[in-house]
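Fold and geometry: a report
As a plain string of letters, each chain reads:
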Amino acid sequence: MNLQMEELSISRVNLYEQIADRLEQLILGAEFEEEQKLPSEQALADQFGVSRNVVREALKLLKERGLIDSRNGTGSYVRKPEAENLSDVISRMVAMDNIDITYIYDIRIILETAACRMAAEHATQEQLQEMEALLEGLKDRNISVNDRREKDFAFHVAIAKASGNPLLEILVKAMKNIFIEMIEKGIFVIGGIDDAIRRHSNILQALQERDAAAAEAAMEDHLRFSKKNVENYVSVHTGEDVSDGH
């Protein structure tokens, strides 16, 4: 493949970053298709006029950005970035900036009530059945904490997907790490599991009835009570009063 890189002027500063940026432009500009193999390190080095070590560092950077995969020594392949990559970044920022629970739930309410309203209007029967299956799984008292939090998160992602807005689905998925942490705290509050099941049931019923206003209200109710459960958990285990987040 001729990438027309001979016309690219590469300065001698941060070479690997510049090459990574150029390759990213090509990937995002549809020069490569998903799952397509990139040229070899040597071919890229020849076309850019740099060493293989520089190319190798550029490919490492692209992998960190979630744009390529390295497979069993066979080379590098283009991949679509996943929301989990963004989730890692967001969770680090929340931790480093010490963003408290109130602000986290503020954002969840904004995103997920909107998702619920749209899902009431756009969800397919298959999507509603998927939510129902996830809810049935949450009713099983014998599942592990890990399974419970994964099913809980999957229920919320299913609603975002059913909204019909793919960006909204991505943004909800990007909250996964923070979301999972909140779920785990809420689980260990007395009555937390029963409360979550009841409020998830209210959400699903409103969605099944195609009642957008009721679905939106049920999601907000769920998230506000979830926030209280997490605050109670934190208060009991750390002695810190987090109820006045603002």
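A short note on the confidence of the model for the protein
Considering every residue of the protein, the mean pLDDT works out to 88; 91% of them sit at 70 or more. Element-level mean pLDDT values for the protein span from 84 in helix H9 (residues 176-187) up to 97 in helix H6 (residues 125-138). Note on residues 5-9: pLDDT under 50 across the span, and 8 contacts to partners over four residues away in sequence or across chains.

What about the nonpolar core?
Among the nonpolar cores identified, the biggest contains 42 residues, and Cys116, Met131, Phe155, Ile159, Ile203 and Leu207 are the most heavily contacted of them. Mapped by element, the contributors of at least two residues to this core are helix H5 (101-122), H6, helix H7 (145-162), helix H8 (166-173), H9, helix H10 (192-208) and helix H11 (212-238). If one sorts the elements of this core by residue count, H5 sits on top with 9 residues. The residues contacting Ile159, other than those within four sequence positions of it, are Ala115, Cys116, Ala119, Met131, Ile203, Leu207 and Met219. Ranked by size, the runner-up nonpolar core spans 21 residues in total, among them Ile19, Leu26, Val55 and Ala58.

Observations concerning the side chain of Arg108
Structurally, the position occupied by Arg108 is in helix H5. Residue Arg108 is classed as buried on the basis of its relative accessible area of 3%. A distance of 2.7 Å separates the side chain of Arg108 from the side chain of Glu112, its partner in a polar contact. Excluding residues within four positions of it along the chain, Arg108 makes contact with Thr113, His156, Met175, Phe179 and Leu223.

Section: H5
Residue pairs three or four apart in sequence face the same way in an α-helix, which turns once every 3.6 residues. With 22 residues, H5 should reach 32 Å at 1.5 Å per residue; the first-to-last C-alpha distance of 31 Å fits that figure. Measuring from the backbone nitrogen of Thr102 back to the side-chain oxygen at the start of H5 gives 3.0 Å, which picks out Asp100 as the cap.

Quick look at empty space enclosed by the protein
Under the definition given, this model contains 1 cavity of 30 Å³ or more. Of the volumes computed, that of the largest cavity is approximately 210 Å³. As for the largest cavity, its lining consists of 21 residues, of which Asp152, Ile183, Gly192, Ala196 and His222 are closest to the centre. Of all the elements in the fold, those that place two or more residues in the lining of the largest cavity are H5, H7, H9, H10 and H11. Considering every element that reaches the lining of the largest cavity, the biggest residue donor is H10, with 6 residues. Each residue belonging to the lining of the largest cavity can be placed in one class, and the counts come to 10 nonpolar, 7 polar and 4 charged.

Remarks on the environment of Glu57
By secondary structure assignment, the location of Glu57 is in helix H3 (residues 52-64). Glu57 sits 129 residues away from Gly186 along the chain, and the two C-alpha atoms are 42 Å apart.

Considering the packing of aromatic side chains
In the structure shown here, the tally under the stated rule is 1 aromatic pair. For the ring pair Phe153 and Phe179, a centre distance of 5.0 Å and an interplane angle of 70° mean the geometry is edge-to-face. Residue Phe153 is located in helix H7, and its partner Phe179 is located in helix H9; the two are separated by 26 residues in the primary sequence. Note on Phe179: relative accessible area 1%, which makes it buried. Above the ring of Phe225, the side-chain terminus of Arg199 is found at 3.6 Å from the ring centroid.

Points about the pattern of salt bridges
One pass over the full model with this rule turns up 19 salt bridges. Among the ionic pairs, Arg141 bridges to Asp194, the shortest N-O distance being 2.2 Å. Highlighted residues: Arg141 in the loop between H6 and H7 and Asp194 in helix H10, separated in sequence by 53 residues. In this structure Arg141 comes out as partly exposed when scored by relative accessible area, which is 49%. You can call Asp194 partly exposed: its relative accessible area is 40%. A single salt-bridge network, built from bridges that share partners, covers Asp195, Arg198, Arg199 and Asp221.

A word on the environment of Arg148
Looking at the element boundaries, Arg148 is found in helix H7. With relative accessibility at 6%, the residue Arg148 sits in the buried group. Each C-alpha atom, one on Arg148 and one on Arg224, is 20 Å from the other, the two residues being 76 residues apart in sequence. Not counting chain neighbours up to four residues away, the residues in contact with Arg148 comprise Leu138, Asp140, Arg141, Ile143, Ile187, Ile193 and Ile197.

What counts and how
- Residues numbered from 1 in each chain as written.
- Predicted model: local features only at pLDDT ≥ 70, side-chain atom pairs only at ≥ 80, totals over all residues.
- Heavy atoms only, no water.
- pLDDT = per-residue confidence, 0-100.
- Helix = DSSP H or I, 4+ residues; strand = E, 2+ residues; numbered from the N terminus.
- Contact = heavy atoms within 4.5 Å.
- Core = buried A, V, L, I, M, F, W, Y, C linked by side-chain atoms within 4.5 Å.
- Buried < 20%, exposed > 50% of the residue type's maximum accessible area, 1.4 Å probe, protein only.
- Polar contact = N/O pair within 3.5 Å; in protein donor to acceptor, adjacent residues only side chain to side chain.
- Expected span 1.5 Å × (residues − 1).
- 1 Å grid on protein atoms, 1.4 Å probe; cavity = no way out; pocket = protein on both sides within 12 Å on 5 of 7 lines; lining within 4 Å.
- Points joined across faces, edges and corners; volume = space filled by probe spheres on them.
- Nonpolar A, V, L, I, M, F, W, Y, C, P; charged D, E, K, R; others polar.
- Phe/Tyr/Trp six-rings, centres within 6.5 Å; stacked < 30°, edge-to-face > 60°.
- Lys NZ or Arg CZ within 6 Å of the ring centre and 35° of its normal.
- Salt bridge = Lys/Arg side-chain N within 4 Å of Asp/Glu carboxyl O.

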